[in-house]
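The primary structure of each chain is shown beneath.
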Amino acid sequence: MPPPQAIVCHICNGKYFKRSFPIHLKQCEEKWKKTHSRCEYCGTAVANHDWSDHRTHCKPTKKRKALKQANQAPLTVPKADHQQLIPTLSNKQSVVDCQECASDGAIWKCVECEQSLCAICEVDLHRKGARLRHTRIPIHIKA
């Protein structure tokens, strides 16, 4: 019997099994709608805790009148790419070493960093900043 494969949520990067993923996705979309709002200047969806950073970079422009129509549209949750629906990597190696600490078995592959990471290093490296938004894929390892 093959081990269960996890699906990675495209909104929160959490790892869920096939049967519980639809339940999680519904709850995660509701939470995303509560924690994000639209910028009146550029029209992008911004997380409530990122507003201080966004305001320093986003300035009013002449396009503001054109964006009023876009801002009146309801805020929509980002949809998953087809590639994210098949989240696990199949490796022929039995154990993948963590590229950061080189001691523990890696369970995550960061797409942007191109690193295989153990759980501890993944949390430490992707805790804050731009790395928080990186896409991480679970590595499927057959024991």
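Residues numbered from 1 in each chain as written. Predicted model: local features only at pLDDT ≥ 70, side-chain atom pairs only at ≥ 80, totals over all residues. Heavy atoms only, no water.

Caption draft 1: Structural detail: the overall build of the protein. Looking only at helices and strands, the protein features 4 helices and 8 strands. Looking at the protein as a whole, 29% of its 143 residues qualify as buried. Of the contacts formed within the protein by residues at least 6 apart in sequence, a portion of 43% connects residues at least 24 apart. When the accessible surface of the protein is totalled, it reaches about 10500 Å², and 54% of it is carbon and sulfur. (Helix = DSSP H or I, 4+ residues; strand = E, 2+ residues; numbered from the N terminus. Buried < 20%, exposed > 50% of the residue type's maximum accessible area, 1.4 Å probe, protein only. Contact = heavy atoms within 4.5 Å. Areas by Shrake-Rupley, 256 points an atom, 1.4 Å probe, with all protein chains shown as cover.)

Caption draft 2: Quick look at the environment of Arg131. In this structure, Arg131 sits in the loop between α4 (119-125) and β8 (136-140). As for Arg131 and Cys110, which are separated by 21 residues in sequence, their C-alpha atoms are 9.5 Å apart. Filtering out sequence-adjacent residues up to four positions away, Arg131 remains in contact with Cys113, Leu125, His126 and Arg136.

Caption draft 3: Spatial organisation of the side chain of Glu122. If you trace the backbone, Glu122 turns up in helix α4. Relative accessible area serves as the criterion here: at 11%, Glu122 is assigned to the buried category. Apart from residues no more than four positions distant in its own chain, Glu122 is found in contact with Trp108, Leu117 and Arg136.

Caption draft 4: Quick peek at the pattern of salt bridges. One pass over the structure, following the stated rule, counts 3 salt bridges. Arg136 is paired through a salt bridge with Glu122; the nearest N and O atoms lie 2.4 Å apart. One end of the pair, Arg136, is in strand β8; the other, Glu122, is in helix α4, and 14 residues separate them in sequence. Overall, the relative accessible area of 10% leaves Arg136 in the buried class. One salt bridge connects Arg127 with Asp124, and the closest N-O pair in it is separated by 2.9 Å. (Salt bridge = Lys/Arg side-chain N within 4 Å of Asp/Glu carboxyl O.)

Caption draft 5: Focus on the nonpolar core. Judged by nonpolar contacts, Ile7, Cys9, Phe21, Leu25 and Cys28 together constitute the single largest core of 5 residues. A total of 3 residues in this core trace back to one element, the largest contributor, which is helix α1 (residues 21-35). (Core = buried A, V, L, I, M, F, W, Y, C linked by side-chain atoms within 4.5 Å.)

Caption draft 6: Structural context of α1. The end-to-end C-alpha distance of α1 is 20 Å, a good match for the 21 Å that 15 residues give at a rise of 1.5 Å each. At its buried positions, α1 is contacted by β1 (7-8), β2 (15-16), β3 (36-38) and β4 (45-47). (Expected span 1.5 Å × (residues − 1).)

Caption draft 7: Examining the confidence of the model for the protein more closely. When the pLDDT values of the protein are averaged, the result is 75; 72% of them are 70 or greater. In the model of the protein, strand β5 (residues 89-90) stands out as the element of lowest mean pLDDT, 48, in contrast to α1, which has the highest, 90. Below pLDDT 50 for its whole length, residues 82-93 participates in 24 contacts with residues either more than four positions away or in separate chains. (pLDDT = per-residue confidence, 0-100.)

Caption draft 8: Region of interest: unusual backbone geometry. Positioned with a positive phi, Asn13 is a non-glycine residue whose angle comes to about 65 degrees. Among the secondary structure elements, Asn13 is positioned in the loop between β1 and β2. Here Asn13 falls in the buried class, since its relative accessible area comes to 17%. Although it is not a glycine, Glu114 sits at a positive phi angle of roughly 55 degrees. With respect to the element layout, Glu114 can be found in the loop between β6 (108-110) and β7 (115-117).

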